[in-house]
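So you can see what is in the structure, the chains are spelled out below.
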Amino acid sequence: MWKVVLNKLVQRKLEHIPNPDKERIKQAIRDLEDKHETLDIKPLTGRDAYRLRVGGLRLLIDVYEDEKIFSIYMLASRGDVYKK
C-alpha cells in the first residue's frame, strides 16, 4: 500500500473547491493508496513528476518508489497547472 502526502497549499485549495469536485478529488486521493494502476496518471514532459487528471482539475505528483509515497504538490485547473 502506498502513502499519499498532501502539500499544505493543496490542503488549503481543497477546502475551497465546491463539493461535487471536492469529493471526486478526495476519492482519487484515496484510490492512489491502493488502486493507482487504474487512475489516469501520466508523466509530465520535461519534469520528473506525474499528473493525475480528475475532471477539469489536475494534481501534480512526485513519486518516491523506494518509500512508496505519492507527494501531491499542486492542485489547479487544467489551464493553470502547467504554467509554472
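My aim in this report is to walk through the structure given alongside it, one point at a time. Keep in mind the model is a prediction, meaning the values are calculated, not measured.

Details of the nonpolar core
Thinking step 1. Counting 17 residues, the largest nonpolar core has Ile25, Leu32, Leu52, Leu59, Ile72 and Leu75 as its most contacted members.
Thinking step 2. Those elements that place two or more of their residues in this core are α1 (8–15), α2 (19–34), β3 (50–54), β4 (57–64) and β5 (69–77).
Thinking step 3. Of the residues forming this core, the biggest block, four residues, is contributed by α2.
Thinking step 4. Those residues within four positions of Leu75 in sequence are excluded, and the remaining contacts are Val10, Lys13, Leu14, Ile17, Ile25, Leu57, Arg58 and Leu59.
Thinking step 5. Leu44, Leu60, Met74 and Val81 belong to the second largest nonpolar core, which has six residues in total.

Remarks on the sheet that holds β5
Thinking step 1. What the five strands build is an open sheet, ordered β1-β5-β4-β3-β2; its pairing is mixed. Sheet topology places β1 (3–6) and β2 (41–43) at the edges, where each strand pairs with a single neighbour. On average, adjacent strands in this sheet sit at an angle of 35 degrees to one another, irrespective of strand direction.
Thinking step 2. Relative to β5, β1 runs parallel, the two being bridged by four bridges.

Description of α2
Thinking step 1. Relative to the 22 Å expected for 16 residues at 1.5 Å per residue, α2 spans 24 Å between its end C-alpha atoms, a close match to the ideal helical length.
Thinking step 2. For α2, the complete set of buried residues consists of Lys22, Ile25, Ala28, Ile29, Asp31 and Leu32.
Thinking step 3. Lining the buried residues of α2 we find β1, α1, β2, β3, β4 and β5.

Reading guide: rules and limits
Residues numbered from 1 in each chain as written. Predicted model: local features only at pLDDT ≥ 70, side-chain atom pairs only at ≥ 80, totals over all residues. Heavy atoms only, no water. Core = buried A, V, L, I, M, F, W, Y, C linked by side-chain atoms within 4.5 Å. Buried < 20%, exposed > 50% of the residue type's maximum accessible area, 1.4 Å probe, protein only. Helix = DSSP H or I, 4+ residues; strand = E, 2+ residues; numbered from the N terminus. Contact = heavy atoms within 4.5 Å. Pairing = 2+ DSSP bridges. Axes fitted to C-alpha atoms, helices over the stretch in contact; angles between N-to-C directions. Expected span 1.5 Å × (residues − 1).

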